[in-house]
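Here is what each chain is made of, one letter per residue.
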Amino acid sequence: MKFLKTFLKWTIVTIFALVLLLYIFDYGYILRGARVVYFTGHKTAFIDDFEYFENDTIKKGNTTNPWSNHDSYNTVEATPALEKLNKDYGTIAYVIIKNDSIWFEKYYGDFDENSKTNSFSMAKSYVSGLLGKAIMDGYIESLDQPISDFYPEYDDAKTTVGDLASMASGLDWVEHYTSPFSVTARANYDDDLAETILNQKVVKTPGVEYEYLSGSTQLLGMIIEKATGKRLANYLSESFWKPLGSSDDALWQLDDEDNRLAKAFCCIGSNAKDFARFGKLYKDYGKWNGQQILDSSFVAKSITPRFAESPEYGYGWWLKQQNGKDFFMMRGHLGQYVIVQPEDNVIIVRLGHNRSSGGALTFTEDISQYIDEAYKMLDLSLN
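Bear in mind that the values here come from a model prediction, so they are computed numbers and not experimental data. Per chain, residues are indexed from 1 in the order of the written sequence. Residues qualify for local features only when their pLDDT is at least 70, as the model is predicted, and side-chain atom pairs are given and counted only at 80 or more; totals for whole chains, interfaces and linings, by contrast, use all residues. With hydrogens and water set aside, each side-chain value is computed from the structure's full complement of heavy atoms.

*Asks:* Hey, could you run me through the sheet that holds strand 7 (residues 268–270) in this one?
*Replies:* Pairing between sheet strands relies on hydrogen bonds along the backbone, with the strands arranged either parallel or antiparallel. Two strands pair under a simple rule: DSSP has to find at least two bridges between them. Numbering of helices and strands runs from the N terminus; a helix is a DSSP stretch of H or I covering at least four residues, while a strand is a stretch of E covering at least two. An order of 1-6-7-5 is seen for the four strands of this open sheet, with the pairing classed as antiparallel. Edge positions in the open sheet fall to strand 1 (55–58) and strand 5 (117–118), since each of these has one partner strand only. The pairing of strand 6 (residues 250–253) with strand 7 spans two bridges and is antiparallel. Bridged to Trp 252 within strand 7 is Ile 268.

Below is the structure:
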């Protein structure tokens, strides 16, 4: 009994000391991450984690623009291979849009067409789009405007806003998703995101090569807020969410209740069919219902590789060749996808709890499978 009391005493002392050390050395965000993730039974960030964070609202307009149903709406069942894929990886929404109409949609578990789930890095495509809009609105000069115009901390750097959008910033950032000590984890759970980002130095020559860094998009989001004088959620609402006739308000996670800085690198909460609208906007080169919402040349540049050595990325959009076709897509952690093939006028949306194994910075096998099975269902040529 005495041994047990001593053991418990020293266990409590050790835990208290560890917690104290984490706060002393500015690693208190790890405790927040543990509360949000491990104490809720998860192993990583999860798709419906919004209640554990402060959020801004991305407001819809007074007039919504519902998707019409295709003449062949839900007349074809999901292929057995697709159903297995959806079961294996915990798909919660799978939608095929053909000729701007809902051709197929299916939802799983407790989720439905209105369920808000986390976009994760699909948000990067929205932030890149907001850069294009800020240029169009005259808040930012061009893709070539230096970031030092907005943050003097980078006076010695030659990084431009275009370098941030195309992942060529040269920032000292390590894109790591499993280590609790990584800057990526800090950015997701820390209470002062701006401080974390502005501590990043430019250590490589910017504008010469692609390197996927979430910090690049976060800094870009901060610049857009500074240039426009508007919160990202508000600017997204007025620039795209309302004009595109989104059906529901959306959420954008913030760092904390005091700083209220949007996590520009991730974390917009919406549903599959509202996410799909942004894919349609880019498919139509920035035009929506006859109105030029976003400059067509900016859209074309965004869905074209900046660097020949890195054909997988443009400005905020992933680019993939498959079966002789060119696709561009929004991508997020755990397999959140809006996949667009403009010539076939096809948009595929998949949201869910997980994806196939493989590096987060490469195209995982499930992406190819979601495309192939949709094309089998549509009975379109895969070659």
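The discussion continues.
*Asks:* Help me understand the pairing of strand 6, please; the structure alone is not making it clear to me.
*Replies:* Along any regular strand, the residues point their side chains to alternate faces of the sheet. Sheet analysis places strand 1 next to strand 6, joined by four bridges and oriented antiparallel. Its bridge partner being in strand 6, Asp 56 is matched across the sheet by Trp 252.

*Asks:* What is the right way to look at the sheet that holds strand 2 (residues 68–69) in this model?
*Replies:* The mixed open sheet is built from seven strands, whose spatial order is 2-4-3-13-12-11-10. Edge positions in the sheet fall to strand 2 and strand 10 (318–322), since each of these pairs with one other strand and no more. Note: strand 12 (residues 336–341) against strand 13 (residues 346–352), five bridges, orientation antiparallel. Across the sheet, residue Val 340 finds its bridge partner in strand 13, namely Ile 347. The sheet strands contacting helix 10 (residues 272–283) are strand 3 (91–98), strand 4 (101–107), strand 11 (325–332), strand 12 and strand 13, and the helix crosses strand 13 at an angle near 145°. Working rule for contacts: check all heavy atoms of both residues, and any pair within 4.5 Å makes them a contact. Each axis is a line fitted through C-alpha atoms, and for a helix only the stretch in contact is used; angles between axes span 0 to 180 degrees, taken between their N-to-C directions.

*Asks:* Sorry if this is basic, but what is going on with the packing of aromatic side chains here?
*Replies:* Centre distance and the angle of the planes are the two values used to describe a pair of aromatic rings. Any pair of Phe, Tyr and Trp rings, taking the six-membered ring for Trp, is counted once the centres come within 6.5 Å. Such a pair is stacked with planes under 30 degrees apart, edge-to-face with planes over 60 apart, and tilted for the rest. In total, this model carries 19 aromatic pairs according to the counting rule given. Between Tyr 94 and Phe 104, the ring centres sit 6.3 Å apart and the planes meet at 65°, which makes this aromatic pair edge-to-face. Of the two residues, Tyr 94 sits in strand 3 while Phe 104 sits in strand 4, which places them ten residues apart along the sequence. Note on classification: 1.4 Å probe, protein chains only; a residue is buried when its accessible area is under 20% of the maximum for its type, exposed when over 50%, partly exposed between these limits. Residue Tyr 94 is classed as buried on the basis of its relative accessible area of 0%. Aromatic pair Tyr 337 and Tyr 370: ring centres 6.1 Å apart, planes at 55°, arrangement tilted. Remark: Tyr 370 occurs in helix 12 (residues 365–378) and Tyr 337 occurs in strand 12; sequence separation between them is 33 residues. The buried category is assigned to Tyr 337, whose relative accessible area is 1%. Feature note: the residues Tyr 126, Phe 240, Trp 241, Phe 278, Tyr 282, Trp 317 and Phe 328 constitute an aromatic cluster, connected by ring pairs.

*Asks:* Looking at this structure, how should I read the nonpolar core?
*Replies:* Side chains of nonpolar character tend, in soluble globular proteins, to be buried together. To define a nonpolar core, start from buried Ala, Val, Leu, Ile, Met, Phe, Trp, Tyr and Cys residues and group those joined through side-chain atoms within 4.5 Å. The biggest cluster of nonpolar side chains holds 86 residues, and the ones touching the most others in it are Leu 219, Ile 223, Ile 224, Leu 236, Ile 268, Phe 278 and Tyr 282. For Leu 219, the residues in contact, after removing those within four places along its chain, are Ile 147, Tyr 151, Tyr 154, Leu 164, Ile 197 and Leu 198.

*Asks:* Looking at this model, I keep getting lost on the pattern of salt bridges. Mind explaining?
*Replies:* Two side chains carrying opposite charge are able to pair once their charged atoms lie near each other. When a carboxyl oxygen of Asp or Glu is within 4 Å of a side-chain nitrogen of Lys or Arg, the pair counts as a salt bridge. For the structure shown, the criterion picks out 18 salt bridges. Between Glu 113 and Lys 273 there is a salt bridge whose closest N-O contact spans 2.6 Å. Of this pair, Glu 113 sits in the loop between strand 4 and strand 5 while Lys 273 sits in helix 10, and the two are 160 residues apart along the sequence. Residue Glu 113 is classed as partly exposed on the basis of its relative accessible area, which comes to 35%. It is possible to trace a salt-bridge network through shared partners that takes in Glu 54, Asp 56, Arg 231 and Arg 260.

*Asks:* Explanation requested: the side chain of Arg 277 in the structure shown.
*Replies:* On the secondary structure map, Arg 277 appears in helix 10. In this view, Arg 277 contacts Asn 65, Pro 66, Trp 67, Leu 244, Gly 245, Ser 246, Ser 247 and Trp 288; residues no more than four positions away in its chain are not counted.

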